[in-house]
Amino acid sequence: MQRIRTTLFLKSTGCFILTSILTILITVQAKAQICCDQANLIANGSFENGAFSADSSVVDPNNAMFAPNYAGIPIDNITMDAETFWIEDPSRATDGNRFFYLPENAVRGKCVFLEQQPIFDGNIKPCATYQVTFDVAGFDENGDNPTSGFAIEVFYKNNNSTSYEQFSTDDFVFECTTTPAPNPMPTSSWNNLNWTRVSAFITLPPPSSPDFTFTELLVSGSNGGGILVDDICVNQVAENISITAVGTDDTGSSNGRIDITAASSGDRYAYNTTGFGDLPLNYSAVTNAFSTLPHTVLDNITGDPTTTYYLRVYESGGCFKDTSLVIDQVVSSNHCTMTKTNPHILYFGRGE
């Protein structure tokens, strides 16, 4: 059982209006640990690249760059919120020379790793499961907190910053195991940091509003002292739900067609020739349905020599997946007709 907290906010006329705060228990099927052996969705995950310039300190002088007053720090591909530290100290970093510190008294205490990802086309998408892995150590520069907590947060937002939906989890395991990792964890001394590599899974539901246009993934501190973080990796985890669609070319006899040939989930679909942006987002807005397979989406295709069809298949829970199929008009040089097929496999919760 993975606990995912969900919060939906709307903002109007300069003040936040709390419309609903929901706590959802989402049961996530156990998944094999992948130990970050797939492509890392985060560029610069060990925080080595950027315009580092020491201008502050944590414990040792002149070994950190400080982000005051929401000014941020120029780490490539990553955004650190106000009152956080980018530290250069190869004797303490777990990978390379640099890591970061979210102190207990940070104004926001967050670091954004994937920022403003297009909601259905970016690296963090609805209806997918992600594994987030990183090195973490509890540390409190003031020495007055015995423990430090941490969490993963994902936001759905819109371009006008008028609303957002938040999902978070603080359920972690030791990397490559199913053993729960302590969270909060004990704080440690600067000269004896208790670096621990942990992983968490987070499964994202469909967005509650069509107004959300992008997603963001963050690591945040919570519950006590600050945290040190290094070497973060985010993988999308392959889901066990697939659909196969096949396009058959037109051979000059009006026999081009599109079929859904296999599906382990989903029962409605929509298609067009103008693009995914023109297809409905909501299951309730779709009327084309299938109950048995194979199912013919469209037949008697003829006319243009080459046409791209955009197909979207929907689950009743609100998730969907897209694929495109190119239908050609194919006639051999001796005027005998020939047919070719182009299989396309769709995965719910998995990028292609």
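Residues numbered from 1 in each chain as written. Predicted model: local features only at pLDDT ≥ 70, side-chain atom pairs only at ≥ 80, totals over all residues. Heavy atoms only, no water.

> Honestly, the overall build of the chain in this entry has me stumped. Any pointers?
Tallying secondary structure elements over the chain gives zero helices and 22 strands in all. Within the chain, the proportion of its 352 residues that are buried is 47%. For the chain, restricting intrachain contacts to residue pairs at least 6 apart in sequence, the fraction spanning at least 24 positions comes to 71%. Total accessible area on the chain stands at roughly 16000 Å², and carbon and sulfur atoms take up 47% of it. (Helix = DSSP H or I, 4+ residues; strand = E, 2+ residues; numbered from the N terminus. Buried < 20%, exposed > 50% of the residue type's maximum accessible area, 1.4 Å probe, protein only. Contact = heavy atoms within 4.5 Å. Areas by Shrake-Rupley, 256 points an atom, 1.4 Å probe, with all protein chains shown as cover.)

> What's the story with the environment of S46 in this structure? I'm lost.
Turning to its location among the elements, S46 is positioned in the loop between strand 2 (15-26) and strand 3 (64-66). Its relative accessible area of 13% is what places S46 among the buried residues. Setting aside residues no more than four positions away along its own chain, S46 makes contact with D95, R98, D230 and D231.

> Teacher, can you tell me more about the state of the cysteines here?
Throughout the structure, instances matching the rule amount to one disulfide. Sulfur-sulfur distance for the disulfide between C127 and C319 comes to 2.0 Å. Judged by the sign of its S-S torsion, about -95°, the bond between C127 and C319 is left-handed. Here C127, found in the loop between strand 7 (110-118) and strand 8 (129-139), pairs with C319, found in the loop between strand 20 (306-314) and strand 21 (320-328); they are 192 residues apart in sequence, far enough to count as distant. On the accessibility criterion, C319 (13% relative accessible area) is buried. (Disulfide = S-S within 2.5 Å.)

> Is there a simple way to think about the packing of aromatic side chains in this case?
Geometry of an aromatic ring pair is reported as the spacing of the ring centres plus the angle between the planes. Inspection of the entire model under this criterion finds 19 aromatic pairs. Between F52 and W86, the aromatic rings sit 5.1 Å apart at their centres with planes inclined by 80°, giving edge-to-face as the arrangement. In this pair, F52 is assigned in the loop between strand 2 and strand 3 and W86 in strand 5 (residues 85-88), connecting sequence segments 34 residues apart. With respect to burial, F52 and W86 carry one shared label: buried. Between Y269 and F290, the ring centres sit 6.4 Å apart and the planes meet at 35°, which makes this aromatic pair tilted. Of the two residues, Y269 sits in strand 18 (residues 268-272) while F290 sits in the loop between strand 18 and strand 19 (295-301), which places them 21 residues apart along the sequence. An aromatic cluster is defined as three or more aromatic residues linked by ring pairs; in this entry it consists of F66, F85, F99, Y101, F139, W190 and W195. Over the aromatic face of F155 sits the side chain of K157, whose NZ or CZ is 5.1 Å from the ring centroid. (Phe/Tyr/Trp six-rings, centres within 6.5 Å; stacked < 30°, edge-to-face > 60°. Lys NZ or Arg CZ within 6 Å of the ring centre and 35° of its normal.)

> I'm lost on unusual backbone geometry in this one. Help?
A cis amide bond links N183 with the next residue in sequence, P184, at an omega value of 5°. Checked against the element boundaries, P184 lands in the loop between strand 11 (173-174) and strand 12 (185-188). The omega angle of the peptide bond from L293 to P294 is 5°, so this bond is cis rather than trans. Inspection of the secondary structure assignment puts P294 in the loop between strand 18 and strand 19. At Q116, a position not held by glycine, the phi torsion is positive, near 50°.

> For this particular structure, what's the right way to read the pattern of salt bridges?
When the charged atoms of two side chains lie near each other, side chains of opposite charge can form a pair. Tallied over the entire structure, the rule returns nine salt bridges. Where R92 meets D89, a salt bridge forms, and the shortest distance between an N and an O atom there is 2.8 Å. Bridged by salt links that share partners, the residues D135, E175, R197 and D231 form one connected network. (Salt bridge = Lys/Arg side-chain N within 4 Å of Asp/Glu carboxyl O.)

> Which parts of the structure should I look at to understand the nonpolar core?
Inside soluble globular proteins, nonpolar side chains tend to come together where they are buried. In terms of nonpolar packing, the biggest core is built from 41 residues, with F113, F134 and L217 touching the most fellow members. Listing elements by their share of this core, those giving two or more residues are strand 6 (98-102), strand 7, strand 8, strand 9 (147-157), strand 13 (196-203), strand 14 (214-222) and strand 15 (226-237). If sequence neighbours within four positions are ignored, F134 has contacts with F150, I152, F172, T196, R197, V198, V219, V229, D230, D231 and I232. Residues F290, I301, Y309 and V313 belong to the second largest nonpolar core, which totals 13 residues. (Core = buried A, V, L, I, M, F, W, Y, C linked by side-chain atoms within 4.5 Å.)

> I tried to follow the confidence of the model for the chain on my own but got confused; where do I start?
Residues shown with low pLDDT carry predicted positions that ought not to be read at fine detail. Of all residues in the chain, 79% have pLDDT values of 70 or greater, and the mean over the chain is 79. In the model, residues 332-352 has pLDDT below 50 throughout and makes 73 contacts with residues more than four positions away in sequence or in other chains. (pLDDT = per-residue confidence, 0-100.)

> Any chance you could explain the sheet that holds strand 21 here in plain terms?
Adjacent strands of a sheet form backbone hydrogen bonds with each other and so pair up, either parallel or antiparallel. With antiparallel pairing, the three strands of this open sheet are ordered in space as 18-20-21. Both outer strands of the open sheet, strand 18 and strand 21, are each paired with one neighbouring strand and no more. On average, each strand axis in the sheet is inclined to that of its neighbour by 25°, with strand direction left out of account. Pairing geometry for strand 20 and strand 21, over nine bridges, is antiparallel. Bridge pairing links L311 to T323 in strand 21. (Pairing = 2+ DSSP bridges. Axes fitted to C-alpha atoms, helices over the stretch in contact; angles between N-to-C directions.)

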